[in-house]
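The chain contents come next:
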Amino acid sequence: AQTVTQSQPEMSVQEAETVTLSCTYDTSESDYYLFWYKQPPSRQMILVIRQEAYKQQNATENRFSVNFQKAAKSFSLKISDSQLGDAAMYFCAYRSVVRSQGNLIFGKGTKLSVKP
Amino acid sequence: DAGVTQSPTHLIKTRGQQVTLRCSPKSGHDTVSWYQQALGQGPQFIFQYYEEEERQRGNFPDRFSGHQFPNYSSELNVNALLLGDSALYLCASSLYTGNYEQYFGPGTRLTVT
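The present account deals with the structure reproduced in this document. Every value quoted in this text rests on a predicted model; they were computed, and no experiment measured them. (Residues numbered from 1 in each chain as written. Chains lettered and ligands numbered in written order. Predicted model: local features only at pLDDT ≥ 70, side-chain atom pairs only at ≥ 80, totals over all residues. Heavy atoms only, no water.)

## Section: the interface of chain B and chain A
Moving on, step 1. Each partner contributes to the interface: chain B provides 25 residues, whereas chain A provides 22 residues.
Moving on, step 2. For the pair chain B and chain A, the summed buried area comes to about 2,100 Å², and 48% of that belongs to carbon and sulfur atoms.
Moving on, step 3. Joining chain B to chain A, the criterion identifies one salt bridge.
Moving on, step 4. The partner of Glu101(B) in a salt bridge is Arg50(A), with the nearest N and O atoms 3.4 Å apart.
Moving on, step 5. Where chain B packs against chain A, one counts nine residue pairs in polar contact (both at pLDDT 80 or more).
Moving on, step 6. Contributing elements (two or more residues each) for the side of chain B that touches chain A: strand S4 (31-37), strand S5 (44-50), strand S9 (87-94) and strand S11 (108-112) of chain B. (Contact = heavy atoms within 4.5 Å. Buried area = accessible area lost by both parts, 1.4 Å probe. Salt bridge = Lys/Arg side-chain N within 4 Å of Asp/Glu carboxyl O. Polar contact = N/O pair within 3.5 Å; in protein donor to acceptor, adjacent residues only side chain to side chain. Helix = DSSP H or I, 4+ residues; strand = E, 2+ residues; numbered from the N terminus.)

## Let's talk about the sheet that holds strand S8 (residues 74-78) of chain B
Pairing between the strands of a sheet is mediated by backbone hydrogen bonds and can be parallel or antiparallel.
Residue and element names in this part refer to chain B.
Moving on, step 1. Strand order across the open sheet formed by four strands is S1-S3-S8-S7, with antiparallel pairing between neighbours. Here the strands that pair on one side only, and so sit at the sheet edges, are strand S1 (5-7) and strand S7 (64-68). Averaged over all adjacent pairs, the angle separating strand axes in this sheet is 20°, with direction ignored. (Pairing = 2+ DSSP bridges. Axes fitted to C-alpha atoms, helices over the stretch in contact; angles between N-to-C directions.)

## Digging into the state of the cysteines
Moving on, step 1. Inspection of every chain in the model, using the stated rule, returns two disulfides over all chains.
Moving on, step 2. Here Cys23(A) connects covalently by a disulfide to Cys92(A), the sulfurs 2.0 Å from one another. With the S-S bond torsion at -70°, the cross-link from Cys23(A) to Cys92(A) turns out left-handed. Taken together, the residues span a long stretch of sequence, with Cys23(A) in the loop between strand S3 (19-21) and strand S4 (24-26) and Cys92(A) in strand S10 (residues 88-96) at a distance of 69 residues. You'll find Cys23(A) and Cys92(A) in the same group, each marked buried.
Moving on, step 3. Disulfide pairing places Cys23(B) opposite Cys91(B) at an S-S distance of 1.8 Å. One disulfide, between Cys23(B) and Cys91(B), carries an S-S torsion of -55° and so falls in the left-handed class. Here the residue Cys23(B) occupies a position in strand S3 (residues 19-24), and Cys91(B) occupies one in strand S9, the gap between them amounting to 68 residues. (Disulfide = S-S within 2.5 Å. Buried < 20%, exposed > 50% of the residue type's maximum accessible area, 1.4 Å probe, protein only.)

## A look at the packing of aromatic side chains
For any pair of aromatic rings, the description consists of the separation of the ring centres together with the inter-plane angle of the planes.
Moving on, step 1. The full count for this structure, using the stated rule, is 17 aromatic pairs over all chains.
Moving on, step 2. Summarising the aromatic geometry, the rings of Phe35(A) and Tyr37(A) are spaced 6.0 Å apart at their centres and angled 40° between planes, so their arrangement reads as tilted.
Moving on, step 3. On the basis of relative accessibility, which here comes to 0%, the residue Phe35(A) falls in the buried class.
Moving on, step 4. Measuring from ring centre to ring centre gives 6.2 Å for Trp36(A) and Phe75(A), while their planes differ by 25°; the resulting arrangement is stacked. With Trp36(A) in strand S5 (residues 32-39) and Phe75(A) in strand S9 (residues 74-79), the pair connects residues that are 39 residues apart, well separated along the chain. Both residues of the pair, Trp36(A) and Phe75(A), count as buried.
Moving on, step 5. Here a set of aromatic residues connected by ring pairs shows up, and it is made of Tyr33(A), Phe35(A), Tyr37(A), Phe91(A), Phe106(A), Tyr35(B), Phe45(B) and Phe104(B).
Moving on, step 6. Positioned above the aromatic ring of Tyr96(B) is the side chain of Arg55(B), whose terminal nitrogen or guanidinium carbon lies 6.0 Å from the ring centre. (Phe/Tyr/Trp six-rings, centres within 6.5 Å; stacked < 30°, edge-to-face > 60°. Lys NZ or Arg CZ within 6 Å of the ring centre and 35° of its normal.)

## Side note on the pattern of salt bridges
Moving on, step 1. Applying the stated criterion across every chain yields a total of nine salt bridges over all chains.
Moving on, step 2. Between Arg63(B) and Asp85(B) there is a salt bridge, with the nearest N and O atoms lying 2.9 Å from each other. Linking Arg63(B) in the loop between strand S6 (53-57) and S7 with Asp85(B) in the loop between S8 and S9, this pair joins segments that are 22 residues apart in sequence. Both residues of the pair, Arg63(B) and Asp85(B), belong to the buried class.
Moving on, step 3. Connected through salt bridges with shared partners, the residues Arg50(A), Glu52(A), Lys55(A) and Glu101(B) form a single ionic network.

Shown next as structure tokens:
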């Protein structure tokens, strides 16, 4: 069974600085999807960024980018120019490409605080 | 374009009671997945519905059941509530084929006393 591990329960960053959130996962599959979701205090889970395992190029969405190391099974999220609105819980998630196994497997999350 | 909606927002029930939570998927989506998020934890997959059938199920007891309607909306039912069922219940919608992204609703906070 696949597992996702986020080893940093809490992180803090100064406004306008850069922070990296860590995520490792375990799978025997060769193709899969990885996601970072943001959950602010409003509770709604928002997709931040997505990576297909077959793509070597790291995904980027504006200030958010990932460092995908397939051999190491590592998938970290870098937030550049941090803003107060980035403060939230961040969850790393894994999904198989097999349609019958379409559920997301989440890590326990990292709580990010942004200091003004 | 309406996103995923859930009702009610909050719910308080007593041990042993039954509860029904509702979800309307994002316009154009045909698949609904339900997740349970205990306090301080990541969401855990309960089950997924497509074409009005349960397609996949996580490690949850039979007390948790669901339904999908012809308009793709879905219900989650929990019988014989336990204190441990207190959690945020998240609904996510997606397309069964093609794009695998799941879009989440705001959740229903269930408290069992």
